[in-house]
Amino acid sequence: MAWLYLAEDLDEALRPGDVTQVRGAEAKHMGVARMRVGERVQLGNGRGFVVDGELAALERDLAVVNIVGVRRVPEPKPLVTVVQALAKGGRDELAVQVATELGAAAFVPWQAKRSVSRWDQKAEKGRERWAAVAREASKQSLSAWVPEVAPLHTTASVAGLAAHGPLLVLDPLGDVSLRDALGEDPASGGVGLTLVVGPEGGIDDSEFAVFEAAGARRVHLGAAVLRTSSAAPAAIAAILALSGSWDSRLRSGTES
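Only a predicted model underlies this, so the values are computations on that prediction, with no experimental measurement involved. (Residues numbered from 1 in each chain as written. Predicted model: local features only at pLDDT ≥ 70, side-chain atom pairs only at ≥ 80, totals over all residues. Heavy atoms only, no water.)

As a further point, take the overall build of the protein. In terms of helices and strands, the protein carries 7 helices and 13 strands. Here the C-alpha atoms of the protein give a radius of gyration of 20 Å, agreeing with the 18 Å that 2.2 N^0.38 yields for 256 residues. Taking the principal axes of the C-alpha coordinates as reference, the protein spans close to 60 × 40 × 30 Å. In the protein, which comprises 256 residues, the share counted as buried stands at 46%. In the protein, of all internal contacts separated by at least 6 residues, the share reaching a separation of at least 24 is 76%. Surface accessibility of the protein: about 12,300 Å² in total, with carbon and sulfur atoms responsible for 50%. Between the centroid of the 28 positive side chains of the protein and the centroid of its 32 negative side chains there is a distance of 5 Å. (Helix = DSSP H or I, 4+ residues; strand = E, 2+ residues; numbered from the N terminus. Rg over C-alpha atoms; globule rule 2.2 N^0.38 Å. Buried < 20%, exposed > 50% of the residue type's maximum accessible area, 1.4 Å probe, protein only. Contact = heavy atoms within 4.5 Å. Areas by Shrake-Rupley, 256 points an atom, 1.4 Å probe, with all protein chains shown as cover. Lys, Arg positive; Asp, Glu negative; His and termini not counted. Charge placed at Lys NZ, Arg CZ, Asp CG, Glu CD.)

See below:
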């Protein structure tokens, strides 16, 4: 199966003909994947720099790669930040996984009033777990960009995100469709947008009031009522289709 190995310290000065090394967990994964000398491999730093190479040597925790080509992949447009309410049964992590595969730019964990799951004193561990999920999903989907995961947010801090671009709250009873909320050109100007997804029990009226006071819009995705794990991926897929950004968004880039 195709896979993108992440090396955050990958030297962006690398050029075809150079040699680089990959150490630690990523090299071990190449061994687990039974890669052989001579096979093609892709390396990335998670910030848009991707190396196409050929495996020259592989030991337990060291891989040597001959560089065949390099690419600089621009950030996906439009930039979509997902505010995901904490959810039980790993549904929030499933949302992070699938939304990453579809091209989410960042995630904001939200302790909603009706969230059954609570991080309490384990907020940093929870954030790190989401970051690990996003990292693995990026590798599997060959994404050149690994989404950032913000610290745990309150309702008030989520509302503050409206200062950085459109804040769209997914609500089955919303009075406007996602298509209408995005307008004629969802990718115009490269402006980012933020999607807010509630927990299993839905968003409380008091939370809607805080969001709307900040300028948020309540948008629906049609007649279906989606689970918290599927709402953000469905919305991102719709945004990609409406903006025309679907084709080649993960692998395209400028070769050097």
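There's plenty left to go through after this.
With parallel pairing, 7 strands are arranged side by side in an open sheet as β8-β7-β6-β11-β9-β12-β10. Each end of this open sheet is capped by a strand with a single partner; those strands are β8 (148–149) and β10 (176–177). Where strand β6 (residues 80–85) lies against strand β11 (residues 193–197), 5 bridges are found, and the strand directions are parallel. By the bridge assignment, valine 80 is partnered in β11 with leucine 193. Together, β6, β9 (167–170) and β11 form the strand contacts of helix α7 (residues 231–243), whose direction differs from that of β11 by roughly 150 degrees. (Pairing = 2+ DSSP bridges. Axes fitted to C-alpha atoms, helices over the stretch in contact; angles between N-to-C directions.)

In globular proteins that are soluble, nonpolar side chains generally tend to be buried together. In this structure, Phe107, Leu195 and Ile236 are the most contacted members of the largest nonpolar core, which totals 28 residues. Looking at this core, the elements that each hand over two or more residues are β6, α2 (91–102), α3 (123–140), β9, α5 (178–182), β11 and α7. Tallying contributions element by element places α7 first for this core, with 6 residues. Core analysis: the next-biggest nonpolar cluster, separate from the first, contains 18 residues, Met35, Val65, Ile67 and Val70 among them. (Core = buried A, V, L, I, M, F, W, Y, C linked by side-chain atoms within 4.5 Å.)

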